[in-house]
Amino acid sequence: MLATAGMMLLMKVMADIAALTIVAAKDGAVGGNFPAGVLNLERVLPLNHKVELEELIARDRARHSRILQNFAGGVVDFPVIGSSDQFIFGLYYTKVKLGSPPREYNVQIDTGSDILWVTCRSCNNCPQTSGLGVELNFYDAASSSTSSLISCSDPMCASTECSSETNQCAYTFRYGDGSGTTGYYVSDLLYFDTFLATSLIANSSAPIVFGCSTSQSGDLTKMDRAIDGIFGFGPQDLSVISQLSARGISPKVFSHCLKGEGNGGGILVLGEILNPSIVYSPLVPSQGHYNVYLQSIAVNGQTLPVDPAVFAISGDRGTIVDSGTTLAYLTAEAYEPFVNAITAAVSPSARPVISGRRPCYLVSSSIANMFPLVSLNFAGGASMDLRPADYLVHMGFYEGAAMWCISFQKDNAGVTILGDLVLKDKIIVYDLARKRIGWADYDCSSPVNVSTTSGKDEFINAGQLSVSSSSSRVHFNQQHARTNVRRLPFLVLMIGFPFWSLTSVLSCHIFLNV
């Protein structure tokens, strides 16, 4: 009822504005000083002029881009698909839209690298199909009206691979698994949903610099887990988080909550997830990755007999938080004490065996009640508690018993890497502005509150997608298939992939308390 009345009022106001003529006169003048004037408002589009929907969308997008240049920042959302289960996906990925007209690309979420890159149409040695069941798309700069190549003289080009012949900013990346990609940088529009404290700008866009891959090697060429590219969320200047935050489009903090059970999925936002259980530890400064100060490891409350110096940051040694790594890696000096402590804690309830040089255990009951809690202790008094499911992986059955194996791998180079197996089922906050990282155990299928502005009591509920502040609340509910408007109507135009795809939301409920 209120919605109908409000809409009728809105239509009347719009009609009045369209016909508006302002005449100000007082003895032939306004205020007695200026001549009387008439301001005629004319339609930009003639009444009988037919306009295609695509033209209106293009006009709205241009306006959204101008709006984004002036607002104080909001929360940008990306959907999350995939799982840490190496027998299903073994990775988490999201969808991005690039170019004009926009095309959608599936890209792996990777906090261990900086650059967003997608496969070029001209790519060599690149998979044409994917075992993940997703359609592979190839970026073509020539087909996008908003694309432009990055020259060697461009301030965004930090590459040493520029050719004087082509004047094209190029790159070559090598990843920890031995795979690699080569290509060139391009600038084009990235489309995204931006949520403010009390409103929504849907599928807005901003130009960003990203990579166009022309050659790939190693595991990137395999079809079983082929994807359109990699979305680097590292701390360097060319990462999308750094580019958007530098323009005030998003805060310089991002968060994810990767669901480990079932089909996986989760939440990924450029913003700070708020939760009273989150503990923070400082990031190691001047590092190319998200390095943290791991100080000790405890099993069942007992600290392992490991010299803290083995976790020290020096050269390539240290501890890295990396969502692009499926498993987890433990420096060799701590690996054996870790396995020995686990074995001692479950003896004689579990039978230790070796499977493919991996320490495993044959068990006949639930691992949750049998295996110990593991605590990773970091600087600042922050601890990350690992349940058995966070450091064990089910490898089938042997002699009638379930076989669970240690998922941590030994690293002989002195590096400890916390991958998806450890990061799943936790809120992880990467706060670049305050140079810290935070975490808390969480059910990633549940709603989360996301800060829209630093230091203010404004947040977005991004699980069921509620925008909250002291004056308003917008709640998106995934259980119903209708739209209700209460107290105050307003128009939201959703274009492209919707924000609620993050949790397969089917409808939206909007509540404004004013």
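Going by the structure above, here's the rest.
The structure contained in this document is the topic of the report that follows. (Residues numbered from 1 in each chain as written. Predicted model: local features only at pLDDT ≥ 70, side-chain atom pairs only at ≥ 80, totals over all residues. Heavy atoms only, no water.)

**Quick word on the state of the cysteines**
Scanning the model with the defined rule gives five disulfides in all. For Cys123, the disulfide goes to Cys126, at an S-S distance of 1.7 Å. Taking relative accessible area as the criterion, Cys126 reaches 10% and is therefore assigned buried. Disulfide pairing is shown between Cys157 and Cys169; the S-S distance is 2.1 Å. Sign of the S-S torsion, about 95° for the bond between Cys157 and Cys169, identifies this disulfide as right-handed. Within this pair, whereas Cys157 is found in the loop between strand S7 (148–149) and strand S8 (170–174), its partner Cys169 is found in the loop between S7 and S8, the two being separated by twelve residues in sequence. No difference in accessibility class separates Cys157 from Cys169, as the two residues are buried. (Disulfide = S-S within 2.5 Å. Buried < 20%, exposed > 50% of the residue type's maximum accessible area, 1.4 Å probe, protein only. Helix = DSSP H or I, 4+ residues; strand = E, 2+ residues; numbered from the N terminus.)

**Considerations on the packing of aromatic side chains**
Evaluation of the coordinates by the stated rule reveals 13 aromatic pairs. Centroid distance Phe233 to Phe254: 5.0 Å. Interplanar angle 40°. Geometry classified as tilted. Pair noted here: Phe233 is in the loop between strand S11 (229–232) and helix H3 (240–246) and Phe254 is in strand S12 (residues 253–258), with a separation of 21 residues, a long-range link. In this structure, Phe233 and Phe254 share a single accessibility class: buried. Considering the side-chain rings of Tyr361 and Phe371, the 5.4 Å spacing of their centres and the 75° angle between planes classify their relative orientation as edge-to-face. Separated by ten residues along the polypeptide, Tyr361 in strand S22 (residues 358–363) and Phe371 in the loop between helix H5 (367–370) and strand S23 (374–378) bring together distant segments of the chain. Side by side, Tyr361 and Phe371 carry an identical accessibility label, which is buried. Taken together through their ring pairs, the aromatic side chains of Phe231, Phe233, Phe254, Tyr290 and Tyr430 make up a single cluster. Just above the ring of Tyr280 sits the side chain of Arg436; from NZ or CZ to the centre is 3.6 Å. (Phe/Tyr/Trp six-rings, centres within 6.5 Å; stacked < 30°, edge-to-face > 60°. Lys NZ or Arg CZ within 6 Å of the ring centre and 35° of its normal.)

**As for the sheet that holds strand S26 (residues 401–406)**
Hydrogen bonds along the backbone pair up the strands of a sheet, which may run parallel or antiparallel. With antiparallel pairing, four strands are arranged side by side in an open sheet as S21-S22-S26-S25. The two strands at the open ends of the sheet, each matched to only one other strand, are strand S21 (351–355) and strand S25 (392–398). In this sheet, neighbouring strand axes are inclined to one another by 35° on average, regardless of whether the strands run parallel or antiparallel. Pairing between S21 and S22: five bridges, direction antiparallel. Within S22, the residue paired with Arg351 across the bridge is Leu362. Against the sheet, helix H4 (residues 332–346) contacts S21, S22 and S26, and its axis sits at roughly 10° relative to S22. (Pairing = 2+ DSSP bridges. Axes fitted to C-alpha atoms, helices over the stretch in contact; angles between N-to-C directions. Contact = heavy atoms within 4.5 Å.)

**Thoughts on the environment of Ser122**
In this fold, Ser122 is placed in strand S6 (residues 116–124). Note on Ser122: relative accessible area 48%, which makes it partly exposed.

**Describing the sheet that holds strand S16 (residues 291–292)**
The five strands are arranged S16-S19-S28-S20-S27 in an open sheet whose pairing can be described as mixed. Looking at the sheet topology across the chains shown, the edges are occupied by S16 and strand S27 (408–411). Pairing of S16 with strand S19 (residues 318–321) involves two bridges; the strand directions are antiparallel. The residue bridging Asn291 from the neighbouring strand is Ile320, located in S19. Along the sheet, H4 makes contact with strand S20 (328–331) and S27, crossing S20 at roughly 105°.

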